[in-house]
Amino acid sequence: MSLLFVVGCLFFPLFFTILCWSLQKHSSLQMEKKEAVLVASKLVSSVQAIMASTAGYIVSTSCKHIIDDQHWLSSAYTQFAVPYFIYDIYAMFLCHWHKHQVKGHGKDEGGAGSPGGTWAVARGYLHKEFLMVLHHAVMVLVCFPLSVVWRQGKGDFFLGCMLMAEVSTPFVCLGKILIQYKQQHTLLHKVNGTLMLLSFLCCRVLLFPYLYWAYGQHAGLPLLSVPLNIPAHVNLGAALLLAPQLYWFFLICRGACRLFRPRGSAPPAPRQPPGLHDGPRD
């Protein structure tokens, strides 16, 4: 087992625990546990995203030959970061757990404190976050082995570009914190929402056409011919990775329409759909 993998297994949970403790004990913050869990989870996700996108930028800009050039960070950071996805599944569950208790389904009412209630919370979590949990599981069980073993040192440029998809994550996390503290009316929320929308579009949706275009430039092929000249399993993998990004981008656009709706226009439906920042967290 790689030492970097072990370091990642220790770093993310320990960092989260220290942040939770600090946010609750800091004299000027004095957050309740449920608030500390939410903010700490978003801070850990943001730090991971900054590290990943920085590593991705270094790798992608260092590889002049997009197939054969290698950079040590591509393998090293992948091994360090894969435990994050395991940790984040647990962190998301903790956030869901505390939100469930806040809504009046805690131990006092025989909800989350009883075995049946615990399983009900777990089922509710999996129902609400199924796509995100599936995404994280695929990253650990499929993408990690492929990137470390199957690539055999090829395509570090493409891996670096994929890591840069995390650029949008800090904006997603800040948006969720602002919503938690009911700051949707502020200029900061609107500016952050705009930056999140643009970064998600560029770094997660348009990323895939760009990768096809980059390969086409390398192989001397027009963009529309690239899918016909690469293995079918590569196209399938790209489609499976792109599909959830398109779904999340649709939710972001729908939330943006509500965010920038002029005052006095028709209010949203009573049961509000996912908001502007219901995008991915990794």
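The name given to the protein in an unreviewed UniProt entry is TLC domain containing 3B, with the source organism recorded as Sarcophilus harrisii. UniProt lists a comment for the protein under the heading Subcellular location (unreviewed entry), and it reads "Membrane".

1. Considerations on the UniProt feature "transmembrane region" (unreviewed entry) in the protein
In this structure's numbering, the residues bearing the UniProt feature "transmembrane region" (unreviewed entry) are residues 36–59, 130–151, 157–179, 191–212 and 232–253. Between the end C-alpha atoms of residues 36–59 there is a gap of 34 Å, over a span that is 100% helix and 0% strand.

2. Quick look at the side chain of Gln79
With respect to the element layout, Gln79 can be found in helix H3 (residues 72–105). Of the polar contacts made by the side chain of Gln79, one reaches the side chain of Ser2; its length is 2.6 Å. Leaving out residues up to four positions away in the same chain, Gln79 has contacts with Ser2, Leu4, Phe5, Phe144 and Val148.

3. Here's the deal with the pattern of salt bridges
For side chains bearing opposite charge, pairing can occur when the charged atoms are close. For the structure on display, the rule yields 4 salt bridges. In this structure, Asp68 and Lys154 form a salt bridge, with 2.9 Å as the shortest nitrogen-oxygen distance. With a gap of 86 residues between them, Asp68 in the loop between helix H2 (33–62) and H3 and Lys154 in the loop between helix H5 (130–150) and helix H6 (156–163) connect regions that are remote in the sequence. Judged by relative accessible area, Lys154 falls into the partly exposed class, the value being 43%. The salt bridge involving Asp156 is made with Arg151; its shortest N-O contact spans 2.7 Å. Both residues of the pair, Asp156 and Arg151, count as buried.

So, how was this worked out
- Residues numbered from 1 in each chain as written.
- Predicted model: local features only at pLDDT ≥ 70, side-chain atom pairs only at ≥ 80, totals over all residues.
- Heavy atoms only, no water.
- UniProt positions renumbered as here; feature names shortened; annotations may be inferred.
- Helix = DSSP H or I, 4+ residues; strand = E, 2+ residues; numbered from the N terminus.
- Polar contact = N/O pair within 3.5 Å; in protein donor to acceptor, adjacent residues only side chain to side chain.
- Contact = heavy atoms within 4.5 Å.
- Salt bridge = Lys/Arg side-chain N within 4 Å of Asp/Glu carboxyl O.
- Buried < 20%, exposed > 50% of the residue type's maximum accessible area, 1.4 Å probe, protein only.

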